[in-house]
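Overview (structure and organization)
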Amino acid sequence: SVNLTIVGMLVATCGQGCLPTYSGGQLAGNLGLTLLMLLRILQGMSAAGEIGTIATYIAEVGRRESLGRSMALISITCQSGFLAAKAVVFILTHALSEETMQDWGWRVPFLLAAVPGLIAVFGRRGMPESGAFLEERAAAEREQQEDDRAAANGAPHEEGEERPRSKTSVRRGIGDHGTN
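As a starting point, this report considers the structure included with it. Here the structure is a predicted model, which is why all the values come from computation and not from measurement. Starting from 1, residues in each chain are numbered consecutively following that chain's sequence as written. Per-residue local features of the predicted model are confined to residues with pLDDT of at least 70, and side-chain atom pairs are confined, for both listing and counting, to 80 or more; whole-chain, interface and lining totals are unaffected and use all residues. Side-chain numbers come from the whole structure's heavy atoms, not from hydrogens or water.

Thoughts on the pattern of salt bridges
Pairing is possible between side chains of opposite charge, provided their charged atoms come close. The term salt bridge refers to a pairing of a side-chain nitrogen on Lys or Arg with a carboxyl oxygen on Asp or Glu at a separation within 4 Å. Applying the stated criterion across every chain, the model contains two salt bridges. Between Glu50 and Arg124 there is a salt bridge, and its shortest N-O distance comes to 2.4 Å. Separated by 74 residues along the polypeptide, Glu50 in helix α2 (residues 26–61) and Arg124 in helix α6 (residues 114–124) bring together distant segments of the chain. By the burial criterion, Glu50 is buried, and Arg124 matches it. Helix and strand assignments come from DSSP, with helices taken as H or I runs of at least 4 residues and strands as E runs of at least 2, each series counted from the N terminus. Categorising residues by exposure relies on relative accessible area from a 1.4 Å probe, with only protein chains included: less than 20% of the type maximum marks a residue as buried, more than 50% marks it as exposed, and the intermediate range marks it as partly exposed.

A short note on the packing of aromatic side chains
We call Phe, Tyr and Trp rings a pair once their centres come within 6.5 Å, taking the six-membered ring for Trp, and we label the pair stacked below 30 degrees between planes, edge-to-face above 60, and tilted otherwise. This model, assessed by the stated rule, comprises one aromatic pair. Between Trp106 and Phe110, the aromatic rings sit 6.3 Å apart at their centres with planes inclined by 75°, giving edge-to-face as the arrangement. Given a relative accessible area of 25%, Trp106 falls into the partly exposed group.

Some remarks on the packing of helix α1 (residues 2–16) against α2
Angles run from 0 to 180 degrees between N-to-C directions of axes, and those axes are lines fitted to C-alpha atoms, restricted for helices to the stretch in contact. Taken N-terminus to C-terminus, the directions of α1 and α2 make an angle of 150°; their axes are 8 Å apart at the nearest point. In terms of their interaxial angle, α1 and α2 are classed as roughly antiparallel. The handedness of the crossing between α1 and α2 comes out as left-handed. Along its contact with α1, which presents Val2, Thr5, Ile6, Gly8, Met9, Val11, Ala12, Thr13, Gly15 and Gln16, the element α2 presents Leu36, Leu39, Arg40, Leu42, Gln43, Ser46, Ala47, Gly49, Glu50, Thr53 and Ile54. For classification purposes, angles smaller than 35 degrees are called roughly parallel, those larger than 145 roughly antiparallel, those between 65 and 115 roughly perpendicular, and all remaining angles oblique. Two helices crossing with the near one rotated counterclockwise from the far one by less than a right angle form a left-handed crossing, whereas a clockwise rotation gives a right-handed crossing. Should any heavy atoms of two residues lie within 4.5 Å, those residues are counted as being in contact.

In structure tokens:
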């Protein structure tokens, strides 16, 4: 889901720079406005998912001694991104005329977001899964195999019956690194 959230933000942000406007007619303007709302929803959901996902990942793979600093970097990088975006808009509003800015210049910041977005997408392709995730996935696969064997032997898993938590998740707890 780390890759899904960054791709969602990338598509939504760059997509806003490609929207049709009312200068193309009433239909184009209405379509652009509708798409803008949908892209903003996607962008917001992706950004919210990104924060939670990356915070969980850092908590799972980070060293306990530097966990506070690592978590603080999430906020620092978010604020740095906002600052960079403001700087781009500031430069454009001073470099372009008001008419040019309203005509096409407003698209530039959205399209420039492709550069850090693509770097993030390709950079994350090599991120390994956390140990906690791998343990949970292995436990879930074992449980599925047990269910499959039981079903093959005539003992189907009841529909709506709550599946017991894996021993790994009970022992570790959720995100606590086994320190209960």
